[in-house]
Amino acid sequence: MCLILAVLLPLGFVANKIFTNFYYNQTQEEIRELSQKYANTITSLDDETMINMYKNLAYFTNKEIYITDASGRVIADTGIQVNPLNNNELKQLSEGVSIQKNVEDRETNNIYLGNGHPIMLSNTFQGSFFVLAPVDDAHEPVRKIRDLLILSAVGAFFLGLGFTFFLARKMSSPLLEMERATREIAKGNLDIRVNKLPNDEVGSLGAAINDLAAETNQYRANRSELFANISHELRTPISYLKGYANVLKNNLYETEEERRQYLIIIEDESDHILRLINDLFDLSKMEEGKIDLQMEAVDIVEIMETVVLKIGIELEKKGLRLVTEIDEDIPFIEVDGNRLEQIFINLLTNAIRYTEKGSIFLKVRSKKNNVYVTIEDTGMGIPKEELPLIFERFHRVEKSRSRELGGTGLGLAIVKNLVEIQHGTISVSSEVNRGTKFELSFPKVE
Ligand code: ADP
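Note that this is a predicted model, so its numbers are computed, not measured.

A word on the UniProt feature "domain: HAMP" (unreviewed entry) in the protein
Right, so step 1: UniProt marks residues 169-221 with the feature "domain: HAMP" (unreviewed entry), using the numbering shown here.
Right, so step 2: A helix fraction of 75% and a strand fraction of 0% characterise residues 169-221, whose end C-alpha atoms lie 37 Å from each other.

Comments concerning the domain arrangement of the protein
Right, so step 1: Along its sequence, the protein is organised into domain 1 (2-141), domain 2 (201-287) and domain 3 (296-443).
Right, so step 2: Inter-centroid distance (C-alpha atoms) of domain 1 to domain 3 is 116 Å.

Notes on the sheet that holds strand S3 (residues 99-104)
Right, so step 1: Pairing in this open sheet of 5 strands is antiparallel, and the strands run S2-S1-S5-S4-S3 from one edge to the other. Looking at strand neighbours, the two that pair on one side only are strand S2 (74-77) and S3, the edges of this open sheet. Taken over all neighbouring pairs, the strand axes of this sheet differ in orientation by 25° on average, direction set aside.
Right, so step 2: Where strand S1 (residues 64-69) lies against S2, 3 bridges are found, and the strand directions are antiparallel. By the bridge assignment for S2, Tyr66 is matched with Asp77.
Right, so step 3: Along the sheet, helix H1 (residues 2-41) makes contact with S3, strand S4 (111-121) and strand S5 (124-134), crossing S4 at roughly 25°.

Some points on the pairing of S4
Regular strands have side chains that alternate between both faces of the sheet.
Right, so step 1: In terms of burial, S4 is largely enclosed, as 8 of its 11 residues are buried.
Right, so step 2: Where S3 meets S4, 6 bridges bridge the pair, whose relative direction is antiparallel. Residue pairing across strands places Asn102 opposite Leu113, the latter belonging to S4.
Right, so step 3: Taken together, the 10 bridges between S4 and S5 define a ladder with antiparallel strand orientation. Residue Gly114 lies in a different strand from S5, and its bridge partner there is Leu132.
Right, so step 4: Linking S4 to S5, which pair antiparallel, is a turn of 2 residues; within it Ser122 sits at a positive phi near 50°.

Some details on the nonpolar core
Right, so step 1: Within the largest apolar cluster, 49 residues are counted, with the highest numbers of intra-cluster contacts made by Ile300, Leu340, Ile343, Phe344 and Leu440.
Right, so step 2: Residues from two domains meet in this core; each of domain 2 (201-287) and domain 3 (296-443) gives at least three.
Right, so step 3: Apart from the residues within four sequence positions on either side, Leu440 is in contact with Ile343, Phe344, Leu347, Val371, Tyr372, Val373, Val419, Thr425 and Ile426.

A word on a negative patch on the surface
Right, so step 1: On the surface, Glu325, Asp327, Glu328 and Asp329 cluster together into a patch of negative charge.
Right, so step 2: Its place among the elements puts Glu325 in strand S7 (residues 321-326).

Side note on the packing of aromatic side chains
Right, so step 1: Counted under the stated rule, the structure contains 10 aromatic pairs.
Right, so step 2: Ring plane angle 55° and centroid distance 5.1 Å describe the contact between Tyr38 and Tyr54, whose orientation is recorded as tilted. Taken as a pair, Tyr38 in helix H1 and Tyr54 in helix H2 (residues 48-60) lie far apart in primary sequence, 16 residues in all. Comparing Tyr38 with Tyr54, the two get one shared label, buried.
Right, so step 3: Relative to Phe438, the ring of Phe391 has its centre 6.3 Å away and its plane inclined at 80°; by these criteria the two rings are edge-to-face. On the criterion of sequence distance, the pair formed by Phe391 in the loop between strand S10 (370-377) and helix H9 (399-404) and Phe438 in strand S12 (residues 435-443) is long-range, its members being 47 residues apart.
Right, so step 4: Put simply, the rings of Tyr38, Tyr54 and Phe129 touch in pairs and so form one group of aromatic residues.

A look at the pairing of S1
Right, so step 1: A large share of S1 lies buried, amounting to 5 of its 6 residues.
Right, so step 2: By the bridge criterion, 6 bridges tie S1 to S5 in an arrangement that is antiparallel. Considered in S5, the bridge of Glu64 is made with Leu132.
Right, so step 3: Hairpin connection from S1 to S2: 4 residues lie between these consecutive antiparallel strands, with Gly72 at a positive phi of about 95°.

What about a nonpolar patch on the surface?
Right, so step 1: Taken together, the side chains of Ile150, Val154, Phe158 and Leu161 define a hydrophobic patch exposed on the protein surface, amounting to about 370 Å² of accessible area.
Right, so step 2: Within the element layout of this structure, Val154 appears in helix H4 (residues 135-187).
Right, so step 3: When its relative accessible area of 40% is taken as the criterion, Val154 is described as partly exposed.

A few points about the sheet that holds strand S9 (residues 359-367)
Right, so step 1: Spatially, S7-S9-S10-S12-S11 is the arrangement adopted by the 5 strands of the open sheet, whose pairing is mixed. The two strands at the open ends of the sheet, each matched to only one other strand, are S7 and strand S11 (425-431). Sheet twist, expressed as the average angle between the axes of neighbouring strands with direction ignored, equals 10°.
Right, so step 2: Two elements, S7 and S9, share 6 bridges in a ladder whose sense is parallel. Its bridge partner being in S9, Arg321 is matched across the sheet by Ser359.
Right, so step 3: Docked against the sheet, helix H8 (residues 337-353) engages S9, S10, S11 and S12, running at close to 170° with respect to S12.
Right, so step 4: Sheet strands in contact with helix H10 (residues 411-421) are S11 and S12, and its direction is about 140° off that of S11.

Brief notes about the packing of helix H6 (residues 256-287) against H10
Working note: a packed helix pair is described by the angle between its axes plus the distance between those axes.
Right, so step 1: Viewed as axis vectors pointing N to C, H6 and H10 meet at an angle of 35°, and their least axial separation amounts to 10 Å. Helix-helix and strand crossings are classified by hand; for H6 and H10 the assignment is left-handed. Between H6 and H10, the contacting residues are Asp279, Asp282, Leu283, Met286 and Glu287 on the first element and Ala413, Ile414, Asn417, Leu418 and Ile421 on the second.
Right, so step 2: Looking at side-chain class alone, the contact of H6 with H10 contains 6 nonpolar, 1 polar and 3 charged residues.

A short note on the environment of Ser44
Right, so step 1: Structurally, Ser44 can be placed in the loop between H1 and H2.
Right, so step 2: We classify Ser44 as partly exposed; its relative accessible area is 23%.
Right, so step 3: Apart from residues no more than four positions distant in its own chain, Ser44 is found in contact with Met50 and Leu121.
Right, so step 4: Separated by 3.0 Å, the side chain of Ser44 and the backbone nitrogen of Asp46 make a polar contact.
Right, so step 5: Of note is the side chain of Ser44, whose polar atom sits 3.3 Å from the backbone nitrogen of Asp47.

Quick notes on the rules
Residues numbered from 1 in each chain as written. Predicted model: local features only at pLDDT ≥ 70, side-chain atom pairs only at ≥ 80, totals over all residues. Heavy atoms only, no water. UniProt positions renumbered as here; feature names shortened; annotations may be inferred. Helix = DSSP H or I, 4+ residues; strand = E, 2+ residues; numbered from the N terminus. Domains from an automatic or database assignment. Pairing = 2+ DSSP bridges. Axes fitted to C-alpha atoms, helices over the stretch in contact; angles between N-to-C directions. Contact = heavy atoms within 4.5 Å. Buried < 20%, exposed > 50% of the residue type's maximum accessible area, 1.4 Å probe, protein only. Core = buried A, V, L, I, M, F, W, Y, C linked by side-chain atoms within 4.5 Å. Patch = residues over 30% accessible without salt bridge, like charges linked within 9 Å, V, L, I, M, F, W, Y side chains within 5 Å. Areas by Shrake-Rupley, 256 points an atom, 1.4 Å probe, with all protein chains shown as cover. Salt bridge = Lys/Arg side-chain N within 4 Å of Asp/Glu carboxyl O. Lys, Arg positive; Asp, Glu negative; His and termini not counted. Charge placed at Lys NZ, Arg CZ, Asp CG, Glu CD. Phe/Tyr/Trp six-rings, centres within 6.5 Å; stacked < 30°, edge-to-face > 60°. Left-handed = near helix turned anticlockwise from the far one by under 90°. Nonpolar A, V, L, I, M, F, W, Y, C, P; charged D, E, K, R; others polar. Polar contact = N/O pair within 3.5 Å; in protein donor to acceptor, adjacent residues only side chain to side chain.

Shown next, in the form of C-alpha coordinates:
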(Lines give C-alpha, C1' and ligand atoms only; values in the text may rest on other atoms or scores of the structure.)
Protein backbone atom coordinates (compact mmCIF):
# COMPACT_ATOMS: atom_id res chain seq x y z
CA MET A 1 0.00 0.00 0.00
CA CYS A 2 2.82 2.38 0.91
CA LEU A 3 4.46 1.62 -2.40
CA ILE A 4 1.30 2.44 -4.30
CA LEU A 5 0.89 5.72 -2.41
CA ALA A 6 4.57 6.59 -2.81
CA VAL A 7 4.17 6.29 -6.58
CA LEU A 8 0.74 7.87 -6.94
CA LEU A 9 1.21 10.98 -4.79
CA PRO A 10 4.23 12.52 -6.58
CA LEU A 11 2.78 11.41 -9.90
CA GLY A 12 -0.48 13.23 -9.12
CA PHE A 13 1.42 16.32 -8.02
CA VAL A 14 3.53 16.46 -11.19
CA ALA A 15 0.56 15.72 -13.45
CA ASN A 16 -1.43 18.49 -11.74
CA LYS A 17 1.41 20.97 -12.33
CA ILE A 18 1.87 19.98 -15.96
CA PHE A 19 -1.84 20.19 -16.79
CA THR A 20 -2.31 23.50 -14.95
CA ASN A 21 0.57 25.07 -16.89
CA PHE A 22 -0.68 23.62 -20.15
CA TYR A 23 -4.23 24.96 -19.80
CA TYR A 24 -3.00 28.27 -18.38
CA ASN A 25 -0.73 28.79 -21.40
CA GLN A 26 -3.44 27.66 -23.79
CA THR A 27 -5.94 30.15 -22.35
CA GLN A 28 -3.32 32.93 -22.45
CA GLU A 29 -2.59 32.13 -26.07
CA GLU A 30 -6.30 32.07 -26.95
CA ILE A 31 -7.06 35.48 -25.42
CA ARG A 32 -3.88 36.92 -26.91
CA GLU A 33 -4.97 35.81 -30.40
CA LEU A 34 -8.53 37.06 -29.85
CA SER A 35 -7.50 40.48 -28.54
CA GLN A 36 -5.12 40.87 -31.48
CA LYS A 37 -7.76 39.80 -33.98
CA TYR A 38 -10.44 42.04 -32.47
CA ALA A 39 -8.11 45.03 -32.18
CA ASN A 40 -6.98 44.63 -35.78
CA THR A 41 -10.50 44.25 -37.16
CA ILE A 42 -12.21 47.11 -35.27
CA THR A 43 -12.57 50.13 -37.58
CA SER A 44 -14.28 52.64 -35.27
CA LEU A 45 -14.60 53.08 -31.55
CA ASP A 46 -17.95 54.85 -31.94
CA ASP A 47 -19.69 52.20 -34.03
CA GLU A 48 -22.25 50.85 -31.55
CA THR A 49 -23.30 47.91 -33.80
CA MET A 50 -19.74 46.76 -34.29
CA ILE A 51 -19.01 46.91 -30.58
CA ASN A 52 -22.18 44.92 -29.85
CA MET A 53 -21.04 42.30 -32.34
CA TYR A 54 -17.78 41.91 -30.37
CA LYS A 55 -19.75 41.68 -27.15
CA ASN A 56 -21.87 38.88 -28.69
CA LEU A 57 -18.77 37.09 -29.91
CA ALA A 58 -17.33 37.35 -26.39
CA TYR A 59 -20.54 36.01 -24.91
CA PHE A 60 -20.52 32.94 -27.18
CA THR A 61 -16.90 32.15 -26.43
CA ASN A 62 -17.46 32.63 -22.67
CA LYS A 63 -15.07 35.59 -22.56
CA GLU A 64 -15.35 39.17 -21.26
CA ILE A 65 -14.07 42.16 -23.21
CA TYR A 66 -13.48 45.85 -22.57
CA ILE A 67 -12.28 48.60 -24.85
CA THR A 68 -10.38 51.67 -23.73
CA ASP A 69 -9.75 54.93 -25.53
CA ALA A 70 -6.25 56.36 -26.05
CA SER A 71 -6.25 57.80 -22.51
CA GLY A 72 -6.88 54.36 -20.95
CA ARG A 73 -10.52 55.08 -20.01
CA VAL A 74 -12.95 52.18 -20.51
CA ILE A 75 -15.46 53.14 -23.18
CA ALA A 76 -17.20 49.77 -23.68
CA ASP A 77 -17.38 46.49 -21.74
CA THR A 78 -19.41 43.33 -21.22
CA GLY A 79 -20.42 44.33 -17.74
CA ILE A 80 -17.31 43.86 -15.70
CA GLN A 81 -15.95 46.65 -13.52
CA VAL A 82 -12.21 47.04 -14.04
CA ASN A 83 -9.70 49.69 -13.01
CA PRO A 84 -8.43 52.07 -15.73
CA LEU A 85 -5.03 51.37 -17.22
CA ASN A 86 -2.00 52.79 -15.50
CA ASN A 87 0.58 54.91 -17.25
CA ASN A 88 3.04 52.16 -17.73
CA GLU A 89 0.48 49.94 -19.46
CA LEU A 90 -0.76 52.80 -21.53
CA LYS A 91 2.78 53.59 -22.61
CA GLN A 92 3.39 50.03 -23.77
CA LEU A 93 0.11 49.88 -25.65
CA SER A 94 0.68 53.24 -27.31
CA GLU A 95 4.01 51.90 -28.56
CA GLY A 96 2.06 49.09 -30.28
CA VAL A 97 2.98 46.37 -27.75
CA SER A 98 0.24 44.09 -26.42
CA ILE A 99 0.15 43.45 -22.68
CA GLN A 100 -0.79 40.57 -20.45
CA LYS A 101 -2.73 41.54 -17.35
CA ASN A 102 -4.74 39.67 -14.75
CA VAL A 103 -7.71 41.71 -13.64
CA GLU A 104 -10.27 41.56 -10.89
CA ASP A 105 -13.92 42.43 -11.35
CA ARG A 106 -14.54 45.08 -8.68
CA GLU A 107 -18.13 43.97 -8.29
CA THR A 108 -17.86 40.17 -8.19
CA ASN A 109 -14.18 39.91 -7.21
CA ASN A 110 -13.73 37.25 -9.90
CA ILE A 111 -10.21 36.97 -11.25
CA TYR A 112 -9.64 36.98 -15.01
CA LEU A 113 -6.65 36.31 -17.22
CA GLY A 114 -6.46 39.23 -19.60
CA ASN A 115 -4.69 40.30 -22.74
CA GLY A 116 -4.87 43.75 -24.27
CA HIS A 117 -3.90 44.72 -27.80
CA PRO A 118 -3.49 48.29 -29.07
CA ILE A 119 -6.06 49.57 -31.59
CA MET A 120 -4.19 51.43 -34.33
CA LEU A 121 -6.29 53.29 -36.84
CA SER A 122 -4.45 55.12 -39.66
CA ASN A 123 -1.25 54.28 -37.83
CA THR A 124 -2.19 56.19 -34.70
CA PHE A 125 -2.92 54.73 -31.30
CA GLN A 126 -6.67 55.02 -30.69
CA GLY A 127 -7.17 52.76 -27.70
CA SER A 128 -6.91 49.11 -26.66
CA PHE A 129 -8.98 45.96 -26.92
CA PHE A 130 -8.92 43.63 -23.90
CA VAL A 131 -10.15 40.04 -23.93
CA LEU A 132 -10.55 38.33 -20.53
CA ALA A 133 -11.02 34.68 -19.62
CA PRO A 134 -12.09 33.61 -16.11
CA VAL A 135 -9.17 31.97 -14.28
CA ASP A 136 -11.58 29.15 -13.46
CA ASP A 137 -11.74 28.34 -17.18
CA ALA A 138 -8.06 27.42 -17.10
CA HIS A 139 -8.49 25.49 -13.89
CA GLU A 140 -11.65 23.62 -14.85
CA PRO A 141 -10.08 20.91 -17.12
CA VAL A 142 -7.23 20.52 -14.62
CA ARG A 143 -9.75 20.01 -11.85
CA LYS A 144 -11.49 17.36 -13.92
CA ILE A 145 -8.22 15.57 -14.53
CA ARG A 146 -7.28 15.90 -10.87
CA ASP A 147 -10.63 14.41 -9.86
CA LEU A 148 -10.03 11.55 -12.26
CA LEU A 149 -6.54 11.02 -10.84
CA ILE A 150 -7.84 11.05 -7.26
CA LEU A 151 -10.57 8.63 -8.26
CA SER A 152 -8.07 6.26 -9.88
CA ALA A 153 -5.74 6.59 -6.86
CA VAL A 154 -8.58 5.67 -4.50
CA GLY A 155 -9.53 2.84 -6.87
CA ALA A 156 -5.91 1.61 -6.95
CA PHE A 157 -5.74 1.91 -3.17
CA PHE A 158 -8.78 -0.27 -2.63
CA LEU A 159 -7.75 -2.68 -5.37
CA GLY A 160 -4.32 -2.96 -3.71
CA LEU A 161 -5.97 -3.39 -0.32
CA GLY A 162 -8.26 -6.13 -1.67
CA PHE A 163 -5.40 -7.86 -3.47
CA THR A 164 -3.13 -7.72 -0.41
CA PHE A 165 -5.93 -9.07 1.76
CA PHE A 166 -6.60 -11.87 -0.74
CA LEU A 167 -2.89 -12.70 -1.02
CA ALA A 168 -2.35 -12.63 2.73
CA ARG A 169 -5.30 -14.95 3.27
CA LYS A 170 -4.17 -17.27 0.49
CA MET A 171 -0.65 -17.46 1.93
CA SER A 172 -1.53 -17.59 5.58
CA SER A 173 -4.35 -20.12 5.46
CA PRO A 174 -2.13 -23.13 4.52
CA LEU A 175 0.46 -21.96 7.07
CA LEU A 176 -2.21 -21.79 9.77
CA GLU A 177 -3.41 -25.24 8.76
CA MET A 178 0.18 -26.55 9.01
CA GLU A 179 0.54 -25.02 12.45
CA ARG A 180 -2.69 -26.71 13.53
CA ALA A 181 -1.53 -30.04 12.04
CA THR A 182 1.93 -29.92 13.68
CA ARG A 183 0.38 -29.10 17.06
CA GLU A 184 -1.93 -32.10 16.67
CA ILE A 185 1.05 -34.28 15.68
CA ALA A 186 2.95 -33.04 18.75
CA LYS A 187 -0.05 -34.10 20.87
CA GLY A 188 0.24 -37.59 19.35
CA ASN A 189 -2.63 -37.40 16.86
CA LEU A 190 -0.60 -38.92 14.02
CA ASP A 191 -3.52 -39.53 11.65
CA ILE A 192 -3.85 -35.80 11.00
CA ARG A 193 -2.79 -34.55 7.53
CA VAL A 194 -2.39 -31.10 5.95
CA ASN A 195 -5.07 -30.81 3.24
CA LYS A 196 -5.34 -28.71 0.07
CA LEU A 197 -1.64 -28.23 -0.48
CA PRO A 198 -0.71 -25.39 -2.88
CA ASN A 199 1.73 -26.20 -5.66
CA ASP A 200 4.67 -24.19 -4.28
CA GLU A 201 7.28 -24.10 -1.49
CA VAL A 202 4.54 -23.82 1.14
CA GLY A 203 2.93 -26.91 -0.41
CA SER A 204 6.14 -28.92 -0.22
CA LEU A 205 6.55 -27.92 3.44
CA GLY A 206 3.02 -29.28 4.02
CA ALA A 207 3.90 -32.48 2.16
CA ALA A 208 7.02 -32.84 4.37
CA ILE A 209 4.83 -32.47 7.49
CA ASN A 210 2.50 -35.17 6.12
CA ASP A 211 5.49 -37.45 5.47
CA LEU A 212 6.76 -36.81 8.98
CA ALA A 213 3.36 -37.73 10.44
CA ALA A 214 3.18 -40.89 8.31
CA GLU A 215 6.75 -41.92 9.24
CA THR A 216 6.15 -41.30 12.94
CA ASN A 217 2.89 -43.22 12.72
CA GLN A 218 4.69 -46.13 11.09
CA TYR A 219 7.41 -45.95 13.71
CA ARG A 220 4.81 -46.00 16.50
CA ALA A 221 3.01 -48.96 14.91
CA ASN A 222 6.33 -50.84 14.60
CA ARG A 223 7.21 -50.07 18.18
CA SER A 224 3.86 -51.29 19.52
CA GLU A 225 4.16 -54.42 17.37
CA LEU A 226 7.67 -55.00 18.70
CA PHE A 227 6.52 -54.65 22.32
CA ALA A 228 3.61 -57.01 21.66
CA ASN A 229 6.02 -59.52 20.09
CA ILE A 230 8.53 -59.29 22.92
CA SER A 231 5.85 -59.79 25.58
CA HIS A 232 4.47 -62.70 23.62
CA GLU A 233 7.93 -64.24 23.22
CA LEU A 234 8.69 -63.89 26.92
CA ARG A 235 5.35 -65.08 28.17
CA THR A 236 5.78 -68.73 27.07
CA PRO A 237 9.21 -69.44 28.61
CA ILE A 238 8.36 -67.53 31.77
CA SER A 239 5.15 -69.47 32.23
CA TYR A 240 7.24 -72.68 31.90
CA LEU A 241 9.70 -71.37 34.49
CA LYS A 242 6.89 -70.44 36.85
CA GLY A 243 5.05 -73.71 36.36
CA TYR A 244 8.05 -76.00 36.91
CA ALA A 245 9.41 -73.90 39.78
CA ASN A 246 6.00 -74.27 41.39
CA VAL A 247 6.08 -78.06 40.88
CA LEU A 248 9.51 -78.26 42.50
CA LYS A 249 8.56 -75.91 45.35
CA ASN A 250 5.55 -78.06 46.26
CA ASN A 251 7.46 -81.35 45.76
CA LEU A 252 4.94 -82.43 43.08
CA TYR A 253 7.28 -84.99 41.53
CA GLU A 254 7.65 -88.64 42.17
CA THR A 255 11.20 -89.60 41.29
CA GLU A 256 14.58 -87.93 41.40
CA GLU A 257 14.76 -88.41 37.60
CA GLU A 258 11.52 -86.44 37.17
CA ARG A 259 12.93 -83.63 39.34
CA ARG A 260 16.06 -83.54 37.17
CA GLN A 261 13.91 -83.33 34.03
CA TYR A 262 12.09 -80.29 35.41
CA LEU A 263 15.36 -78.60 36.32
CA ILE A 264 16.66 -79.21 32.78
CA ILE A 265 13.51 -77.60 31.38
CA ILE A 266 14.00 -74.59 33.66
CA GLU A 267 17.62 -74.31 32.53
CA ASP A 268 16.64 -74.59 28.83
CA GLU A 269 13.93 -71.98 29.15
CA SER A 270 16.30 -69.64 30.98
CA ASP A 271 18.80 -70.11 28.14
CA HIS A 272 16.07 -69.30 25.67
CA ILE A 273 15.17 -66.08 27.48
CA LEU A 274 18.83 -65.14 27.65
CA ARG A 275 19.25 -65.80 23.92
CA LEU A 276 16.17 -63.74 23.18
CA ILE A 277 17.41 -60.81 25.26
CA ASN A 278 20.89 -60.98 23.71
CA ASP A 279 19.42 -61.10 20.21
CA LEU A 280 17.11 -58.17 20.93
CA PHE A 281 19.95 -56.17 22.34
CA ASP A 282 22.10 -56.91 19.29
CA LEU A 283 19.33 -56.03 16.88
CA SER A 284 18.43 -52.76 18.56
CA LYS A 285 22.10 -51.72 18.56
CA MET A 286 22.33 -52.57 14.86
CA GLU A 287 19.14 -50.73 13.95
CA GLU A 288 20.33 -47.64 15.75
CA GLY A 289 23.70 -47.92 13.98
CA LYS A 290 25.47 -48.16 17.35
CA ILE A 291 27.20 -51.48 16.86
CA ASP A 292 30.99 -51.45 17.02
CA LEU A 293 32.62 -53.34 14.17
CA GLN A 294 36.28 -54.35 14.14
CA MET A 295 36.70 -54.22 10.37
CA GLU A 296 39.85 -55.91 9.13
CA ALA A 297 41.04 -58.17 6.31
CA VAL A 298 39.70 -61.59 7.26
CA ASP A 299 40.36 -65.05 5.86
CA ILE A 300 36.84 -66.37 5.32
CA VAL A 301 38.12 -69.97 4.97
CA GLU A 302 39.60 -69.87 8.46
CA ILE A 303 36.28 -68.55 9.83
CA MET A 304 34.42 -71.35 8.04
CA GLU A 305 36.66 -73.97 9.66
CA THR A 306 35.86 -72.61 13.15
CA VAL A 307 32.12 -72.50 12.34
CA VAL A 308 32.14 -76.09 11.07
CA LEU A 309 33.82 -77.22 14.28
CA LYS A 310 31.24 -75.39 16.41
CA ILE A 311 28.20 -76.84 14.68
CA GLY A 312 29.65 -80.35 14.53
CA ILE A 313 27.76 -81.63 17.59
CA GLU A 314 24.41 -80.31 16.35
CA LEU A 315 24.99 -81.96 12.97
CA GLU A 316 25.83 -85.22 14.60
CA LYS A 317 22.79 -85.07 16.88
CA LYS A 318 20.51 -84.86 13.87
CA GLY A 319 22.52 -87.28 11.78
CA LEU A 320 23.06 -84.78 8.95
CA ARG A 321 26.01 -84.63 6.60
CA LEU A 322 27.91 -81.45 5.85
CA VAL A 323 29.28 -81.15 2.31
CA THR A 324 31.79 -78.34 1.95
CA GLU A 325 33.13 -77.03 -1.32
CA ILE A 326 35.66 -74.27 -0.79
CA ASP A 327 37.65 -72.98 -3.77
CA GLU A 328 41.38 -72.49 -3.50
CA ASP A 329 42.91 -69.03 -3.15
CA ILE A 330 39.84 -67.30 -1.75
CA PRO A 331 40.82 -63.62 -1.26
CA PHE A 332 40.50 -61.89 2.11
CA ILE A 333 37.40 -59.81 2.79
CA GLU A 334 37.09 -56.65 4.87
CA VAL A 335 34.71 -57.57 7.72
CA ASP A 336 34.46 -58.05 11.48
CA GLY A 337 35.58 -61.68 11.98
CA ASN A 338 33.39 -62.34 15.05
CA ARG A 339 30.30 -60.92 13.37
CA LEU A 340 30.98 -62.94 10.21
CA GLU A 341 31.16 -66.08 12.35
CA GLN A 342 27.84 -65.12 13.97
CA ILE A 343 26.23 -64.83 10.48
CA PHE A 344 27.33 -68.32 9.40
CA ILE A 345 26.50 -69.94 12.73
CA ASN A 346 22.97 -68.46 12.56
CA LEU A 347 22.43 -69.65 8.97
CA LEU A 348 23.89 -73.12 9.56
CA THR A 349 21.97 -73.55 12.84
CA ASN A 350 18.77 -72.72 10.93
CA ALA A 351 19.71 -75.19 8.18
CA ILE A 352 20.21 -77.93 10.80
CA ARG A 353 17.10 -76.91 12.76
CA TYR A 354 14.77 -77.05 9.75
CA THR A 355 16.23 -80.16 8.09
CA GLU A 356 15.29 -83.68 9.17
CA LYS A 357 17.37 -85.75 6.80
CA GLY A 358 19.84 -85.30 3.98
CA SER A 359 22.78 -82.95 3.72
CA ILE A 360 23.82 -79.39 4.20
CA PHE A 361 25.99 -77.83 1.51
CA LEU A 362 28.48 -75.09 2.20
CA LYS A 363 30.20 -73.47 -0.77
CA VAL A 364 32.72 -70.65 -0.90
CA ARG A 365 33.75 -69.23 -4.29
CA SER A 366 35.40 -66.10 -5.49
CA LYS A 367 34.48 -64.27 -8.66
CA LYS A 368 35.66 -60.87 -9.92
CA ASN A 369 35.64 -58.52 -6.89
CA ASN A 370 33.46 -60.61 -4.63
CA VAL A 371 33.55 -63.68 -2.44
CA TYR A 372 30.33 -65.75 -2.62
CA VAL A 373 29.07 -68.09 0.11
CA THR A 374 26.16 -70.51 -0.39
CA ILE A 375 24.46 -72.40 2.45
CA GLU A 376 21.94 -74.90 1.17
CA ASP A 377 19.91 -77.55 2.94
CA THR A 378 17.52 -80.36 2.01
CA GLY A 379 15.00 -79.45 4.69
CA MET A 380 11.35 -78.44 4.89
CA GLY A 381 11.79 -75.28 2.76
CA ILE A 382 9.87 -72.03 2.94
CA PRO A 383 6.63 -71.29 1.00
CA LYS A 384 7.10 -68.71 -1.79
CA GLU A 385 4.76 -66.12 -0.22
CA GLU A 386 6.73 -66.23 3.05
CA LEU A 387 10.12 -65.66 1.44
CA PRO A 388 10.00 -61.83 1.39
CA LEU A 389 9.04 -61.81 5.10
CA ILE A 390 11.52 -64.16 6.71
CA PHE A 391 14.11 -61.41 7.35
CA GLU A 392 11.60 -59.49 9.50
CA ARG A 393 11.81 -59.58 13.30
CA PHE A 394 9.81 -62.44 14.86
CA HIS A 395 8.53 -63.67 11.52
CA ARG A 396 8.28 -67.45 11.57
CA VAL A 397 6.88 -69.78 9.00
CA GLU A 398 5.71 -72.31 11.54
CA LYS A 399 5.44 -70.49 14.82
CA SER A 400 5.20 -73.34 17.33
CA ARG A 401 7.76 -75.46 15.52
CA SER A 402 10.44 -72.77 15.50
CA ARG A 403 10.00 -72.18 19.23
CA GLU A 404 10.07 -75.89 19.90
CA LEU A 405 13.35 -76.05 18.06
CA GLY A 406 14.79 -73.23 20.14
CA GLY A 407 14.47 -70.35 17.64
CA THR A 408 13.90 -66.79 18.80
CA GLY A 409 12.55 -65.51 15.46
CA LEU A 410 15.30 -62.87 15.37
CA GLY A 411 18.13 -64.86 13.76
CA LEU A 412 17.57 -63.85 10.13
CA ALA A 413 16.82 -60.21 11.01
CA ILE A 414 20.21 -60.08 12.75
CA VAL A 415 21.92 -61.87 9.86
CA LYS A 416 20.54 -59.43 7.26
CA ASN A 417 21.51 -56.41 9.35
CA LEU A 418 25.01 -57.76 9.96
CA VAL A 419 25.56 -58.59 6.29
CA GLU A 420 24.44 -55.16 5.16
CA ILE A 421 26.48 -53.14 7.65
CA GLN A 422 29.50 -55.08 6.43
CA HIS A 423 28.73 -54.08 2.82
CA GLY A 424 27.57 -57.56 1.81
CA THR A 425 24.36 -58.87 0.24
CA ILE A 426 22.08 -61.77 1.12
CA SER A 427 19.29 -63.47 -0.83
CA VAL A 428 17.18 -66.56 -0.31
CA SER A 429 15.49 -69.09 -2.56
CA SER A 430 13.53 -72.10 -1.41
CA GLU A 431 11.18 -74.89 -2.37
CA VAL A 432 8.83 -76.49 0.15
CA ASN A 433 9.98 -80.01 1.17
CA ARG A 434 13.05 -79.72 -1.09
CA GLY A 435 15.26 -77.26 0.73
CA THR A 436 16.42 -73.71 1.19
CA LYS A 437 19.41 -71.85 -0.23
CA PHE A 438 20.95 -68.66 1.21
CA GLU A 439 23.45 -66.83 -1.01
CA LEU A 440 25.77 -64.20 0.39
CA SER A 441 28.44 -62.01 -1.17
CA PHE A 442 31.14 -59.78 0.32
CA PRO A 443 33.50 -57.48 -1.54
CA LYS A 444 37.08 -58.73 -1.44
CA VAL A 445 39.88 -56.57 -0.06
CA GLU A 446 41.27 -54.33 -2.86
P1 ADP B 1 14.11 -68.66 14.16
O2 ADP B 1 14.80 -68.33 15.41
O3 ADP B 1 12.65 -68.92 14.35
O4 ADP B 1 14.81 -69.69 13.36
P5 ADP B 1 14.97 -66.88 12.08
O6 ADP B 1 14.86 -65.42 11.96
O7 ADP B 1 16.32 -67.47 12.08
O8 ADP B 1 14.13 -67.29 13.34
O9 ADP B 1 14.16 -67.49 10.88
C10 ADP B 1 12.86 -67.02 10.60
C11 ADP B 1 11.99 -68.13 10.07
O12 ADP B 1 12.45 -68.51 8.77
C13 ADP B 1 12.07 -69.41 10.86
O14 ADP B 1 11.14 -69.43 11.91
C15 ADP B 1 11.78 -70.48 9.84
O16 ADP B 1 10.36 -70.62 9.73
C17 ADP B 1 12.30 -69.90 8.55
N18 ADP B 1 13.63 -70.45 8.19
C19 ADP B 1 14.83 -69.90 8.43
N20 ADP B 1 15.82 -70.69 7.94
C21 ADP B 1 15.22 -71.74 7.36
C22 ADP B 1 15.69 -72.90 6.67
N23 ADP B 1 16.99 -73.12 6.47
N24 ADP B 1 14.77 -73.78 6.22
C25 ADP B 1 13.44 -73.58 6.41
N26 ADP B 1 12.94 -72.51 7.06
C27 ADP B 1 13.81 -71.59 7.52
